[in-house]
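Residue-level structure breakdown
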Amino acid sequence: MDRRTTIYDVAREAGVAASTVSRAYARPGRVNAETAQRIFRAAELLGYRSGRPEGRRRGDRSARESIALVIADVTNPFYGDIIKGGYEAAREAGYQLILSHTNESPEVERQTIERELEQVDGIVIASSRMTDSALRMMVKQKPLVLLNRIIPEASCVVNDNQRGIRRAAEHLGALGHERIFYVAGPEASWSDGIRWRALREAAAELDLEARRIGPNEPTVLAGLSAARRVARADATAVLAYNDPLAIGVMKGLRKLGLAVPEQVSVVGFDNIIFDELVEPALTTIASPLYRMGFTGVRNCIAMAQGARTSGAPLVLPVRLVLRQSTAACRR
């Protein structure tokens, strides 16, 4: 079976950069008329199809440009502010945002993106579960921005995981806890690996012990289940991969007759809307999720319009939010 003609084949045939070919289809007014005609002739010769409606290919701006925002789980409140920020960035630029949900599955994620590649101007992936090699292939095909993930080839926006975990470890250590149990997230999560590594490094520097419980799905139900292992381990301090897991651990410990924070202190990560609604209110690391979504989509639009990425990831600041789920160790 012959391979499909790509934008790079057209670029070679026309003697231009691939980004110039992309602009010729996405924004014809930004490309010299003679160059654009050379690109369209090369595309016709090679049988290349851009996947755009014909009117839009010839410069009809009545068709709206679009960006795909791909998230791992639409039911996870972590993504709410990311989506809101992404929609605002798209609205300001006159773009349409197409939201897709992959149910934490790398296979579904890959299939979803492959289906959308020819229909959008760029792709933003929040918390990708795909392998680095699969993401590198995507980078070659469309402007792509990764949120909560770093690979050198892509434009990336991440939280300062190391600083957040360090602040949480310092807080628990100052309260007299000598061991911190990390209730881990999904095995395919890049952020989970970074957070566990950061905790081990912080624990070594602070003369604390770090232990891991997991992997777990990033949900309240998984936290409820993990609470049994926390109780069996005789833990006094828990740092969870995310807030839903932390909330589940607190609820599970209560069902087992253990009081939070009197017997077990619990810290989450992300500062979702429910943290102040649960009892006790959850101490957590606050991430600028709205800013992450806004910045990711804005940068993707800029790349679709011809901007180049600097190559360095954008690291957003985090902060420790103290509430009622942590207290001094009483043992």
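As a reminder, the structure under discussion sits directly above these lines.
Note that this is a predicted model, so its numbers are computed, not measured. (Residues numbered from 1 in each chain as written. Predicted model: local features only at pLDDT ≥ 70, side-chain atom pairs only at ≥ 80, totals over all residues. Heavy atoms only, no water.)

Our focus in this paragraph is the overall build of the chain. The helix and strand tally for the chain stands at 12 helices and 12 strands. Expressed along its principal axes, the backbone C-alpha trace of the chain runs to roughly 80 × 35 × 35 Å. By the burial criterion, 53% of the 331 residues in the chain qualify as buried. When the accessible area of the chain is evaluated, it comes to approximately 15300 Å², of which 49% is carbon and sulfur surface. (Helix = DSSP H or I, 4+ residues; strand = E, 2+ residues; numbered from the N terminus. Buried < 20%, exposed > 50% of the residue type's maximum accessible area, 1.4 Å probe, protein only. Areas by Shrake-Rupley, 256 points an atom, 1.4 Å probe, with all protein chains shown as cover.)

Residues R228, R232, K251, R254 and K255 make up a contiguous surface patch of positive charge. Among the elements of the structure, α10 (220–232) and α11 (243–255) are those that each provide at least two residues to the positive patch. It is α11 that contributes the most residues to the positive patch, 3 residues altogether. On the secondary structure map, K251 appears in helix α11. (Patch = residues over 30% accessible without salt bridge, like charges linked within 9 Å, V, L, I, M, F, W, Y side chains within 5 Å. Salt bridge = Lys/Arg side-chain N within 4 Å of Asp/Glu carboxyl O. Lys, Arg positive; Asp, Glu negative; His and termini not counted. Charge placed at Lys NZ, Arg CZ, Asp CG, Glu CD.)

It is worth spelling out the pairing of strand β2 (residues 96–101) at this point. Alignment of strand β1 (residues 66–71) against β2, held across 6 bridges, turns out to be parallel. When the sheet's bridge partners are listed, L69 is paired in β2 with L99. At this point the chain moves from β1, through helix α5 (residues 78–93), to the parallel β2, and the crossover so formed is right-handed. (Pairing = 2+ DSSP bridges. Right-handed = clockwise from strand over helix to strand, strands pointing away.)

The subject of this paragraph is the packing of α10 against α11. Between α10 and α11, the least distance of the axes is 6 Å, while the angle of their chain directions is 55°. Judged by the angle between their axes, α10 and α11 are oblique. Regarding α10 and α11, the two cross each other, and that crossing is right-handed. Only P244, L245, I247, G248, V249, K251, G252 and L253 of α11 make contact with α10, whose side of the interface consists of V220, A222, G223, L224, A226, A227, V230 and A231. Per-class residue counts for the contact of α10 with α11 are 12 nonpolar, 3 polar and 1 charged. (Axes fitted to C-alpha atoms, helices over the stretch in contact; angles between N-to-C directions. Parallel < 35°, antiparallel > 145°, perpendicular 65-115°, else oblique. Left-handed = near helix turned anticlockwise from the far one by under 90°. Contact = heavy atoms within 4.5 Å. Nonpolar A, V, L, I, M, F, W, Y, C, P; charged D, E, K, R; others polar.)

Our next topic: the environment of P215. Note on placement: P215 falls in the loop between β7 (209–213) and α10. A residue is classified by how much of its surface remains accessible, and P215, at 43% relative accessible area, is partly exposed. Here the alpha-carbon distance between P215 and A184, two residues 31 residues apart in the chain, equals 5.1 Å. Sequence-distant contacts of P215, defined by excluding residues within four places in its chain, comprise A184, G185, P186 and E187.

Time to look at the packing of aromatic side chains. Enumeration according to the criterion identifies 3 aromatic pairs in this entry. With 4.8 Å between their ring centres and 80° between their planes, F78 and Y79 make a pair best called edge-to-face. Ring geometry for Y182 versus W196: centroids 5.7 Å apart, planes at 20°, classification stacked. Taken together, the positions of Y182 in strand β6 (residues 179–183) and W196 in helix α9 (residues 190–206) put the pair 14 residues apart, joining distant regions of the chain. Comparing Y182 with W196 shows no difference in burial state: the two are buried. Here the basic side chain of R195 rests over the ring of F269, its NZ or CZ set 3.7 Å away from the ring centre. (Phe/Tyr/Trp six-rings, centres within 6.5 Å; stacked < 30°, edge-to-face > 60°. Lys NZ or Arg CZ within 6 Å of the ring centre and 35° of its normal.)

Relative to the helices and strands, E116 resides in helix α6 (residues 106–116). R115 provides the closest opposite charge to the buried, salt-bridge-free E116, at an N-O distance of 5.2 Å. Only 2.5 Å separates the side chain of E116 from the side chain of S100, close enough to count as a polar contact. The residues contacting E116, other than those within four sequence positions of it, are A68, V70, I98 and S100. (Polar contact = N/O pair within 3.5 Å; in protein donor to acceptor, adjacent residues only side chain to side chain.)

Before going further, it helps to examine a nonpolar patch on the surface. A surface patch of nonpolar side chains, amounting to about 250 Å² of accessible area, comprises V74, Y87 and L99. Note that V74 resides in the loop between β1 and α5. With a relative accessible area of 45%, V74 lands in the partly exposed category.

With respect to the helices and strands, the residue A227 is situated in helix α10. Along the sequence, A227 and E109 sit 118 residues apart, while their C-alpha atoms lie 30 Å from each other.

Next up on the list: the packing of α5 against helix α12 (residues 289–304). The geometry of α5 relative to α12 is characterised by a closest axis approach of 6 Å and an angle of 40° between their N-to-C directions. With respect to α12, the axis of α5 lies oblique. α5 and α12 meet at a crossing whose hand is right-handed. Touching F78, D81, I82, K84, G85, G86, E88, A89, A90, E92 and A93 of α5 are L289, Y290, M292, G293, F294, V297, R298 and I301, all from α12.

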